[in-house]
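Listed below are the residues making up each chain.
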Amino acid sequence: MYLRIEQIKEEGLTLEFEEKPEVFPELSEMINQGECNFIAPIKTALRATRIDDMIEVKGEINTFVRLPCGRCLKEYDTALKSRFDLTYTHRIPDAQEDEEQADIEISAAEMGLIYFAGEEINLQDGIQEQVIMAFPVKALCRENCQGLCSSCGNDLNQGDCGCDRLPPDGRFAALKNLKLDT
Ligand SMILES: [Zn+2]
Ligand SMILES: [Zn+2]
């Protein structure tokens, strides 16, 4: 997952590669915690170009995960896809004090720049972040998943269990009827 600076010629560099999810520490942690399972490698396709002394990396990540549905808890498979645009800039070598270097890095981060040192860029953190951001905010096996019965726990996608469940506005509706009756 390293991008060697010398390989980026004037016309840019196109790269495609895939990695096991386990090589990314935070993804590995998610797997260990049982939050999800990856059912495909993390595929990355990118294009790196030089802009002055900065390296712009544009690309896309793709993978598939198995997740528990937030409503019915059943596991389902979904694609994760994210486009990214990252700009890397060389660490300034003559910053004298650590504090000074830290200040420079903070202002660079505010501008959306990522520092790298040496002759190559490690893309691991950048790719990992994209994968994490690609996760659905609300994991649903399908848009109209009915979820579980609040009373008996039955999967309502399989049919109604016959429990007496109040609709969300049930109590207000009952009050309204009461008023009409009196
Ligand atoms: Zn569901
Ligand atoms: Zn029920």
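Described in the following lines is the structure provided in the data block. (Residues numbered from 1 in each chain as written. Chains lettered and ligands numbered in written order. Predicted model: local features only at pLDDT ≥ 70, side-chain atom pairs only at ≥ 80, totals over all residues. Heavy atoms only, no water.)

What follows is about the coordination of the zinc ion (ligand 1). Within the protein, Cys69 (SG), Cys72 (SG), Cys141 (SG) and Cys145 (SG) serve as the donor atoms for the zinc ion (ligand 1), at 2.3 to 2.4 Å. Of note is the zinc ion (ligand 1), whose 4 donor atoms meet at the metal with angles of 107 to 112° in an arrangement that counts as tetrahedral. We note that the donor set of the zinc ion (ligand 1) lies within a single chain, spaced as C-x2-C-x68-C-x3-C. Residue Cys72 is located in the loop between β5 (54–68) and β6 (75–90), and its partner Cys145 is located in the loop between α3 (124–134) and α4 (170–181); the two are separated by 73 residues in the primary sequence. (Donors = N, O, S within 2.8 Å, 3.2 Å for Na, K, Ca; no water. Tetrahedral: all angles 85-135°; square planar, octahedral: opposite > 155°, others 65-115°. Helix = DSSP H or I, 4+ residues; strand = E, 2+ residues; numbered from the N terminus.)

What follows concerns a negative patch on the surface. Taken together, Glu26, Glu29, Glu35, Asp125 and Glu129 make up a surface patch of like negative charges. By secondary structure assignment, the location of Glu35 is in the loop between α1 (25–32) and β3 (37–38). Exposure remark for Glu35: the relative accessible area of 42% places this residue in the partly exposed category. (Patch = residues over 30% accessible without salt bridge, like charges linked within 9 Å, V, L, I, M, F, W, Y side chains within 5 Å. Areas by Shrake-Rupley, 256 points an atom, 1.4 Å probe, with all protein chains shown as cover. Salt bridge = Lys/Arg side-chain N within 4 Å of Asp/Glu carboxyl O. Lys, Arg positive; Asp, Glu negative; His and termini not counted. Charge placed at Lys NZ, Arg CZ, Asp CG, Glu CD. Buried < 20%, exposed > 50% of the residue type's maximum accessible area, 1.4 Å probe, protein only.)

All right, on to the coordination of the zinc ion (ligand 2) then. Note on the zinc ion (ligand 2): its protein donors are Cys149 (SG), Cys152 (SG), Cys161 (SG) and Cys163 (SG). The metal-donor distances range over 2.2 to 2.3 Å. Classification of the site at the zinc ion (ligand 2) rests on its 4 donor atoms, whose angles at the metal span 108 to 111°, yielding the label tetrahedral.

Next up on the list: the pattern of salt bridges. It is possible for side chains bearing opposite charge to pair when their charged atoms get close. As enumerated under the stated definition, the model contains 6 salt bridges in all. Glu60 is the partner of Lys81 in a salt bridge, and the nearest nitrogen-oxygen pair spans 3.8 Å. Of this pair, Lys81 sits in strand β6 while Glu60 sits in strand β5; the two residues are 21 residues apart in sequence, bridging distant segments of the chain. Using a relative accessible area of 54% as the deciding quantity, one classes Lys81 as exposed. Judged by relative accessible area, which is 19%, Glu60 ranks as buried. When salt bridges that share partners are traced, they join Arg4, Glu6 and Glu120 into one network.

This part is about the packing of aromatic side chains. A complete count under the given rule lists 1 aromatic pair for this structure. Ring plane angle 85° and centroid distance 6.3 Å describe the contact between Phe38 and Phe135, whose orientation is recorded as edge-to-face. Residue Phe38 is found in strand β3, and its partner Phe135 is found in the loop between α3 and α4; the two are separated by 97 residues along the sequence. Across the pair, exposure class does not vary: Phe38 and Phe135 are buried alike. (Phe/Tyr/Trp six-rings, centres within 6.5 Å; stacked < 30°, edge-to-face > 60°.)

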